[in-house]
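Next come the chains, spelled out residue by residue.
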Amino acid sequence: MEWQPDEQGLQQVLQLLKDSQSPNTATQRAVQQKLEQLNQYPDFNNYLIFVLTRLKTEDEPTRSLSGLILKNNVKAHYQNFPPTVADFIKQECLNNIGDPSPLIRATIGILITTIASKGELQSWPELLPQLCNLLNSEDYNTCEGSFGALQKICEDSSELLDSDALNRPLNIMIPKFLQFFKHCSPKIRSHAIACVNQFIIGRAQALMDNIDTFIEHLFALAADEDSEVRKNVCRALVMLLEVRIDRLIPHMHSIVQYMLQRTQDPDENVALEACEFWLTLAEQPICKEVLSGHLVQLIPILVNGMKYSEIDIILLKGDVDVEEDETVPDSEQDIKPRFHKSRTVTLQHEGGGDEQGEDIDDEDDDDDDTLSDWNLRKCSAAALDVLANVFRDELLPHLLPLLKGLLFHPDWVIKESGILVLGAIAEGCMQGMVPYLPELIPHLIQCLCDKKALVRSIACWTLSRYAHWVVSQPPDSHLKPLMTELLKRILDGNKRVQEAACSAFATLEEEACTELVPYLSYILDTLVFAFGKYQHKNLLILYDAIGTLADSVGHHLNQPEYIQKLMPPLIQKWNELKDEDKDLFPLLECLSSVATALQSGFLPYCEPVYQRCVTLVQKTLAQAMMYNQHPDQYEAPDKDFMIVALDLLSGLAEGLGGHVEQLVARSNIMTLLFQCMQDTMPEVRQSSFALLGDLTKACFPHVKPCIGELAEFMPILGTNLNPEFISVCNNATWAIGEICMQMGAEMQPYVQLVLNNLVEIINRPNTPKTLLENTAITIGRLGYVCPQEVAPMLQQFIRPWCTSLRNIRDNEEKDSAFRGICMMIGVNPGGVVQDFIFFCDAVASWVSPKEDLREMFYKILHGFKDQVGEENWQQFSEQFPPLLKERLSACYGV
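For clarity, every value in this text was computed on a predicted model and none was experimentally measured.

Reading guide: rules and limits
Residues numbered from 1 in each chain as written. Predicted model: local features only at pLDDT ≥ 70, side-chain atom pairs only at ≥ 80, totals over all residues. Heavy atoms only, no water. Helix = DSSP H or I, 4+ residues; strand = E, 2+ residues; numbered from the N terminus. Contact = heavy atoms within 4.5 Å. Areas by Shrake-Rupley, 256 points an atom, 1.4 Å probe, with all protein chains shown as cover. Lys, Arg positive; Asp, Glu negative; His and termini not counted. Charge placed at Lys NZ, Arg CZ, Asp CG, Glu CD. Axes fitted to C-alpha atoms, helices over the stretch in contact; angles between N-to-C directions. Parallel < 35°, antiparallel > 145°, perpendicular 65-115°, else oblique. Left-handed = near helix turned anticlockwise from the far one by under 90°. Nonpolar A, V, L, I, M, F, W, Y, C, P; charged D, E, K, R; others polar. Polar contact = N/O pair within 3.5 Å; in protein donor to acceptor, adjacent residues only side chain to side chain. Core = buried A, V, L, I, M, F, W, Y, C linked by side-chain atoms within 4.5 Å. Buried < 20%, exposed > 50% of the residue type's maximum accessible area, 1.4 Å probe, protein only. 1 Å grid on protein atoms, 1.4 Å probe; cavity = no way out; pocket = protein on both sides within 12 Å on 5 of 7 lines; lining within 4 Å. Points joined across faces, edges and corners; volume = space filled by probe spheres on them. Salt bridge = Lys/Arg side-chain N within 4 Å of Asp/Glu carboxyl O. Patch = residues over 30% accessible without salt bridge, like charges linked within 9 Å, V, L, I, M, F, W, Y side chains within 5 Å. Phe/Tyr/Trp six-rings, centres within 6.5 Å; stacked < 30°, edge-to-face > 60°. Lys NZ or Arg CZ within 6 Å of the ring centre and 35° of its normal. Expected span 1.5 Å × (residues − 1).

Our next topic: the overall build of the protein chain. For the protein chain, the helix and strand inventory stands at 49 helices and zero strands. The long-range fraction of contacts in the protein chain, counting pairs at least 24 apart against all pairs at least 6 apart in sequence, stands at 75%. A total of about 39100 Å² of accessible surface is found on the protein chain, and carbon and sulfur atoms cover 51% of it. Each charge class in the protein chain was averaged separately, 72 positive and 123 negative side chains, and the resulting centres sit 2 Å apart.

Okay, the packing of helix α23 (residues 412-424) against helix α26 (residues 453-465) next. The contact between α23 and α26 brings their axes to 8 Å, and the two run at 15°. Considering the angle they form, α23 stands roughly parallel to α26. The element α23 and its partner α26 pack so that their crossing is left-handed. Facing Trp412, Lys415, Glu416, Ile419, Leu420, Leu422, Gly423 and Ala424 of α23, the residues of α26 in contact are Leu454, Val455, Ile458, Ala459, Trp461, Thr462 and Arg465. Looking at the contact of α23 with α26 residue by residue, the class counts come to ten nonpolar, two polar and three charged.

With respect to the helices and strands, Thr767 occurs in the loop between α41 (751-762) and α42 (769-785). For the pair Thr767 and Met670, spaced 97 residues apart in sequence, the C-alpha to C-alpha distance is 31 Å. Apart from the residues within four sequence positions on either side, Thr767 is in contact with Ile761 and Leu772. Within polar-contact distance, the side chain of Thr767 engages the backbone oxygen of Arg764 at 3.1 Å.

Below, the discussion takes up the nonpolar core. Judged by nonpolar contacts, the single largest core of 320 residues is most densely connected at Phe214, Trp278, Phe602, Met747, Phe797 and Trp801. Sequence-distant contacts of Trp278, that is, excluding residues within four places in its chain, are made with Val256, Met259, Leu260, Thr263, Leu291, Leu298, Leu302 and Ala383.

Counted by the stated rule, this structure contains two cavities of 30 Å³ or more. The calculated volume of the second largest cavity comes to roughly 30 Å³. Every residue along the wall of the second largest cavity is listed here: Tyr610, Leu649, Ala653, Val660, Val664, Ile669, Leu691 and Leu695. Those elements that place two or more of their residues in the lining of the second largest cavity are α35 (640-656) and α38 (682-707). A per-class count over the lining of the second largest cavity returns eight nonpolar, no polar and no charged.

On to the pattern of salt bridges. A complete count under the given rule lists 47 salt bridges for this structure. For Arg262, the salt bridge identified is with Asp265, shortest N-O distance 2.8 Å. Note that Asp492 is salt-bridged to Arg456, the shortest N-O span being 2.7 Å. You can see Asp492 sitting in the loop between α28 (479-490) and α29 (495-512) and its partner Arg456 sitting in helix α26, a full 36 residues away along the chain. Salt bridges sharing partners connect three or more residues here, namely Arg456, Glu485, Lys488, Arg489 and Asp492.

Moving on, we come to a negative patch on the surface. Together, Glu510, Glu511, Asp544 and Asp551 line one region of the surface with negative charge. Those elements that place two or more of their residues in the negative patch are α29 and α31 (536-553). Counting through the fold element by element, Glu511 comes out in helix α29.

Here we come to the packing of aromatic side chains. Under the definition given, this model contains 25 aromatic pairs. Pairing Tyr78 with Phe81 gives two aromatic rings, centres 5.2 Å apart and planes at 50°, and the pair type is tilted. Judged by its relative accessible area of 8%, Tyr78 falls in the buried class. Ring geometry for Phe585 and Phe641: centres 4.8 Å apart, planes at 65°, overall edge-to-face. In this pair, Phe585 sits in helix α33 (residues 584-598) while Phe641 sits in helix α35, placing the two residues 56 residues apart along the sequence. When sorted by exposure, Phe585 lands in the same class as Phe641, which is buried. Aromatic rings pair up to connect Phe836, Phe839, Phe864, Trp873, Phe876 and Phe880 into one cluster. Between the NZ or CZ atom of Arg377 and the centre of the ring of Tyr308, over which it lies, the distance is 3.7 Å.

Right, let's talk about the side chain of Arg685 for a bit. Residue position: Arg685 is located in helix α38. No salt bridge is formed by the buried Arg685. Its closest oppositely charged neighbour is Asp679, at 6.2 Å. Within polar-contact distance, the side chain of Arg685 engages the side chain of Asn720 at 2.8 Å. Not counting chain neighbours up to four residues away, the residues in contact with Arg685 comprise Cys676, Met677, Asp679, Thr680, Asn720, Phe725 and Val728.

Moving on to helix α10 (residues 170-179). Of all the residues in α10, the buried ones are Leu170, Met173, Ile174, Lys176, Phe177 and Leu178. In this fold, the buried residues of α10 make contact with α7 (127-134), α8 (140-156), α9 (158-161), α11 (186-197), α12 (205-209) and α13 (211-220).

With that out of the way, let us pick up unusual backbone geometry. Positive phi is not limited to glycine here, since Arg392 has a value of about 50°. Residue placement: Arg392 occurs in the loop between α21 (376-391) and α22 (396-407). Note on Arg392: relative accessible area 41%, which makes it partly exposed. Residues other than glycine seldom take positive phi values, yet Cys513 does so here, at roughly 45°. Position of Cys513 relative to the elements: it lies in the loop between α29 and α30 (520-533). Its relative accessible area of 32% is what places Cys513 among the partly exposed residues.

Quick look at α29 now. Since the α-helix packs 3.6 residues into each turn, any two residues three or four apart lie on the same face. In a regular helix each residue adds 1.5 Å, so 18 residues correspond to 26 Å; α29 covers 25 Å between its end C-alpha atoms and thus fits that length. The buried count for α29 comes to 14 of 18 residues, which makes it a mostly enclosed element. For α29, the N-terminal cap is Asn494; the gap from its side-chain oxygen to the backbone nitrogen of Arg496 is 2.9 Å. A positive phi of about 45° marks Cys513, the residue just after α29.

In structure tokens, the structure reads:
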């Protein structure tokens, strides 16, 4: 007998469905409890499917809701459904996929794909054949419902469908889908393309076998009158460009013509999909030859797409006369989660400041974050940006004539788009733009005072993209006026402008560095004033601007008058925030930069800051322990609190040096550090090794007792020399080097724990530069304190050692490492013979080595020359590049 509901039970379920549509929270809670009770009955799910598929007298939202609750039950505990219940649900789904209501069809489709993704594609063998058969139905609803379900299955299970697990159903499905590209209903054509599109990126074999038919069918639909169909055609072509460009090349001219048309489609969703084509094409090697002849059409289209749409302007209140909103508090969902970048130890290079390690991605700040959805304006700007990087100055003849008209246009929307264009091409066309900048920069600075907030904010962004050029000119010509105006914008009455100005100012700080020192007083007055003025979201950006300022001017900040201005508001915020408040992250990062810059100037503030960091680490570790023991009773902690606290402690140790000693003595930081170094999360380990190295430099007597056999610090460091986690490995390597310098000969028992791993890393192909440099320094330092132990391996690392340190500036680290190499060569001169030319090159990279180090170099070079004899030396030095020859004879007389 087929299952039938009990009338009373059915009424109960219907009442529940009605109640759950009530806005009242108390009712909602009661519904949740009732649901949990009803889930104890095995056939409760039968009632839910019955309401969805059979109870046509009920209203559609209630029936659909019944299906969605069933979907959640399937997600949560399908494996506990009795087989009879599961079969009833599956049968009902397939029998009713053609329900006359689009909402009910869609709900059944969602239910089907949820059951299918619960591992049921294997154990529901009739599902795909039946759905494919139903596509042939004369009844539109049945065909559309089946296609809707198939599209969802293709989205959720595309990999499984292309695997042997199911006997490769795609061999039948894809040709079947292709037949429907010509169907008379646009909805069904659209489903058919969407289904096939799921298999492009994965290069499914069944699609590759039919690729030419697919492309032909797509071209046939190019001019379809339905916008959803056109959107899916564009999406398909964009993906094919990535995956099968070889198949598109013969038709490229007409595809480009088509995409030029579609990028101007009246439907913005189609235009957006088409605009992605230019972004993707720019990454292909053939971009230049394909597009060269079309730039004259493409550039104006992209530029036109960079205007705010009418809907954007309404959402951003861009046309309101009063644009002051600084007193309106931020809604919490506007504030995007921030990610803390853990500390990575890097070395200084020749030719200027620190280089960021290449394993750390710098994300580009986009200009309009409030509409954080991807839209045509953003996509057009991104496309122009990448194309500017491909074509460089060849883009300008097509752009400059347009730009003049845009930048001085009376309509603010058009003027604003012109400023965005100028910012988008800054990176790629910088060379060609230089002649125009002396005239353009003052105009942009003037736009900072425009009466429209959206013009002021975009001017901030565009000016930041030219900050490098501004700083390269005499300060009075552009830097000073720009800085003055940007600081006014930081205090703008409009929150978007405040945000844009703050971000732009941080970029200017990075470029200008110590050029800002003469204006520090004025800058600090502005930033501190903003503290009292800003709402929540912009405060977080302000912290960043202050931290960047400290990084940029360094010890110049350590003046009583500056400290007096800056520290009280920071400490006030620090006292207001609770330990659980995520706003601590940016504030801790900011204080870390400030502490490093102020050095001894931070002493009066260090104790409460230090104590709180230790507390944060301790709390997080305790919470993690509780969670590991009873995951059902406790929540997992947010380890970012601990990471940021460890990084601020590093900043304190680096800034205060020896002064941090009393703080460490009065706390259990070493015990906590021992736990952090063994944490499962790589970022925690990364930050704890940075702190270990900084404490080793600042107050080694507190670290030393932990190095011994009992405490196992060294074995932990050894295990973390694993280049799979680049930054963890990098910081562990650096810490070992710092420990060497403090331990001296007592390092001897630990050399074997770490040496082999270090030698392996320095010889690995594709190791990031930062890690190679730190590894070379640490090998050199190990050799400096224990030459007898390390020298036998000299031949295995001397060549990569020399090449990775030749670009590092003269500094303490380089000095100790080279002393180590010289001592090892003394112990094992044979180890360097084959690669002596590399050693010569590394020695020549020193600008002014200390006298006794120069003496060591001199001895080794002359020793080698005497050993091989004058004639052999002449032959050997013939291989030197002329510059190297010159340097060696000038500095060392060889």
